[in-house]
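# An overview of the molecular structure
Chain by chain, the residues:
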Amino acid sequence: MATPLSAHPDWIEHRRPGDRELLGWMQPEGDGFVVIDLLGRRRSGVLDWLEAEEALEEIGIGYLADIYELQLESGEWLRVRLAEVSPARIIAKKDDFGDMNADQVYYPLPFPMPETLRPR
């Protein structure tokens, strides 16, 4: 089941200066903030505001283009790419290595990223 961002009303959006691309969120914790990436993963310990902004800008969004692995119900790990990422859901796509004739196989996943999806 997807976790809508409204389930995290305390998360504060951080957008890249200039083009305003969403980089992730800062989650208040104690006297600071924890960096949350676009897959819903905690990417830092508690930081002050400026450090959290800088961490999100350093992390960027390039990891979304990386190759991932999805564990299927059979236990097998399948090579996938991320086709869609939002606070409503993540959609992984079977990596077809750019084959225009390959069947397009998509796997809807919950947000934040489940343990069955991992970077390769």
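Going by the structure above, here's the rest.
Residues numbered from 1 in each chain as written. Predicted model: local features only at pLDDT ≥ 70, side-chain atom pairs only at ≥ 80, totals over all residues. Heavy atoms only, no water.

### Describing the overall build of the protein
Short version of the rule: For helices the rule is a DSSP run of H or I covering at least 4 residues; for strands it is a run of E covering at least 2, with both sets numbered from the N terminus onward. The classification of residues rests on relative accessible area computed with a 1.4 Å probe and restricted to protein chains. Under 20% of the type maximum is buried, over 50% is exposed, and intermediate values are partly exposed. Only heavy atoms enter the contact rule, under which two residues are in contact if any of them lie within 4.5 Å. Here the accessible surface of atoms and residues is derived via Shrake-Rupley with a 1.4 Å probe, and residues count as covered only by protein chains that are part of the display.
When helices and strands are counted, the protein shows 1 helix and 8 strands. Ordered by position from the N terminus, the helices and strands of the protein form the series β-β-β-α-β-β-β-β-β. Dimensions of the protein along its principal axes, counting C-alpha atoms only, are 50 × 30 × 25 Å. Here the protein holds 120 residues, and the buried ones make up 35% of them. Expressed as a percentage of contacts within the protein between residues at least 6 apart in sequence, the contacts between residues at least 24 apart total 36%. By element, 51% of the accessible surface of the protein is carried by carbon and sulfur atoms, the whole surface being about 7,200 Å².

### Here we look at the packing of aromatic side chains
Geometrically, a pair of aromatic rings is defined through the distance of the ring centres and the angle of the planes. Which entries qualify depends on this criterion: For this analysis, a ring pair means two rings from Phe, Tyr or Trp (six-membered ring only for Trp) whose centres lie within 6.5 Å, classed as stacked if their planes differ by under 30 degrees, edge-to-face if by over 60, and tilted for the remaining angles.
All told, the structure shown has 4 aromatic pairs when counted by the stated rule. Judged by centre distance (5.4 Å) and plane angle (45 degrees), the rings of W11 and W25 are tilted. Here W11 is found in the segment before strand 1 (12–15), whereas its partner W25 is found in strand 2 (residues 22–29), with 14 residues between them in sequence. This pair shows no difference in class: W11 is buried, exactly as W25 is. Centroid distance W25 to F111: 5.9 Å. Interplanar angle 70 degrees. Geometry classified as edge-to-face. Of the two residues, W25 is situated in strand 2 and F111 in the loop between strand 7 (106–109) and strand 8 (117–119); the sequence distance between them amounts to 86 residues. Its relative accessible area of 1% is what places F111 among the buried residues.

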